[in-house]
Amino acid sequence: MYFYVKAIHIIFVVTWFAGLFYLPRLLVYLAEAQQKNEPEKNILTAQLLLMTKRLWYGITWPSAILTLIFGGWMWYLYPATPSWLIIKLILVVLLYAYHGSLQAIVSKHAKGLFPYTGQQMRIWNEVPTLLLVSVVMLVVVKENMSLVWGLVGLLALIVLLMSAIKIYKNIRQKK
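Our subject in this report is the structure included herewith. Here the residue numbering is sequential within each chain, running from 1 through the sequence in written order. A pLDDT threshold of at least 70 governs which residues receive local features in this predicted model, and a stricter bar of 80 or more applies before side-chain atom pairs are shown or counted, although totals over entire chains, interfaces and linings include all residues. Side-chain descriptors were evaluated using all non-hydrogen atoms of the structure, hydrogens and water having been removed beforehand.

With that settled, the discussion passes to the nonpolar core. The nonpolar core is taken to be a set of buried Ala, Val, Leu, Ile, Met, Phe, Trp, Tyr and Cys residues, with the residues joined through side-chain atoms within 4.5 Å. Three labels apply to residues, based on accessible area from a 1.4 Å probe with only protein chains included: buried if under 20% of the type maximum, exposed if over 50%, partly exposed otherwise in between. Core analysis: the largest hydrophobic core is formed by 25 residues, its most contacted members being L20, L23, L27, W56, L95 and L102. Looking at this core, the elements with two or more residues in it are α1 (2-33), α2 (40-77), α3 (83-110) and α5 (127-141). By residue number, the principal contributor to this core is α1, which donates 9 residues. Any two residues whose heavy atoms approach within 4.5 Å at even a single point are treated as in contact. The contacts of L27, once residues within four sequence positions are left out, are T52, L102, I105, H109 and M121. Secondary structure follows DSSP: runs of H or I at least 4 residues long count as helices, runs of E at least 2 residues long count as strands, and numbering of each begins at the N terminus.

Take a look at the structure:
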């Protein structure tokens, strides 16, 4: 039973992350659409809000809930709670907090409020990448993972992602 539950859990983790990766991209486009002139601004905003709503409530939320259900079931079936799993669960709590932050942004957008720039949303878009890398490394490497090298690797990934965002911003500004 454990492996069937684990497989279903992984399937919903993948679909949840698809939403967590794509939704902030839509939020980037929504922020940038607010800088356009009419009627382009209204047309883009309406279409992007519709896409956001369908992705968020049709895929991302259901996947987050089913990930939690099957993850909890898998944890129940697991014979013990080793230290790597406790760290993973802390990261999962952070992931759900990130999910909640996206819900707050989606709710503001539904009210016609667009408080963040495209650049700010690009940076926020990288949070699930960092959490995904951290969780996958923990799940695969488990107790063999060095805390120091894990943190060094995570820091290097952060520097790489922030550098890529800065380079992309510079390229866009030259156009």
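There's plenty left to go through after this.
The general pattern is negative phi for most residues beyond glycine and trans for most peptide bonds. The omega torsion across E38 and P39 is 0°, close enough to zero to call that bond cis. Tracing the backbone through its elements, the reader meets P39 in the loop between α1 and α2.

Between side chains of opposite charge, a pair can form when the charged atoms approach closely. A pairing counts as a salt bridge when a side-chain nitrogen of Lys or Arg comes within 4 Å of a carboxyl oxygen of Asp or Glu. For the structure shown, the criterion picks out 1 salt bridge. With its nearest N and O atoms 2.7 Å apart, the salt bridge here joins E32 to R122. Residue E32 is located in helix α1, and its partner R122 is located in helix α4 (residues 118-124); the two are separated by 90 residues in the primary sequence. A relative accessible area of 19% places E32 in the buried class. R122 sits in the buried class, given a relative accessible area of 6%.

Let us now look at the packing of α1 against α5. Running from N to C, α1 and α5 point in directions that differ by 150°, and their axes come no closer than 9 Å. Regarding the angle of α1 to α5, the classification is roughly antiparallel. Contacts between α1 and α5 involve F17, L20 and F21 on the former and, on the latter, P128, T129 and L132. In the scheme used here, Gly and all other residues not listed as nonpolar or charged are polar, with Ala, Val, Leu, Ile, Met, Phe, Trp, Tyr, Cys and Pro taken as nonpolar and Asp, Glu, Lys and Arg as charged. Across the contact of α1 with α5, the residue classes tally to 5 nonpolar, 1 polar and no charged. Only the stretch in contact is used when fitting a helix axis, every axis being a line fitted to C-alpha atoms; angles between N-to-C directions are given from 0 to 180 degrees. Under this scheme an angle from 65 to 115 degrees is roughly perpendicular, one under 35 degrees roughly parallel, and one over 145 degrees roughly antiparallel; angles in between are oblique.

Residues forming no salt bridge and having over 30% relative accessible area are the ones grouped into patches, like charges within 9 Å of each other and nonpolar side chains (Val, Leu, Ile, Met, Phe, Trp, Tyr) within 5 Å. Accessibility throughout is a Shrake-Rupley quantity obtained with a 1.4 Å probe, and a residue counts as covered only by protein chains that appear here. Taken together, the side chains of I123, L155, I158, V159 and M162 present a nonpolar region at the surface, about 400 Å² in accessible area. Among the elements that take part in the nonpolar patch, helix α6 (residues 147-174) stands out by supplying 4 residues, more than any other. Note on placement: I158 falls in helix α6.

Moving on to the packing of aromatic side chains. Each aromatic ring pair is characterised by the separation of its centres together with the angle its planes make. Note on aromatic pairs: the rings of Phe, Tyr and Trp (six-membered ring only in Trp) are paired at centre separations within 6.5 Å, and the planes decide the class, stacked below 30 degrees, edge-to-face beyond 60, tilted for the rest. In total, this model carries 10 aromatic pairs according to the counting rule given. With a centroid separation of 6.0 Å and 15° between ring planes, the pair formed by F12 and F70 is classed as stacked. Here F12, found in helix α1, pairs with F70, found in helix α2; they are 58 residues apart in sequence, far enough to count as distant. Residue class for F12 comes out partly exposed when judged on its relative accessible area of 21%. By the ring-pair criterion, three or more aromatic residues cluster together here, those being Y2, F3, Y78 and W84.

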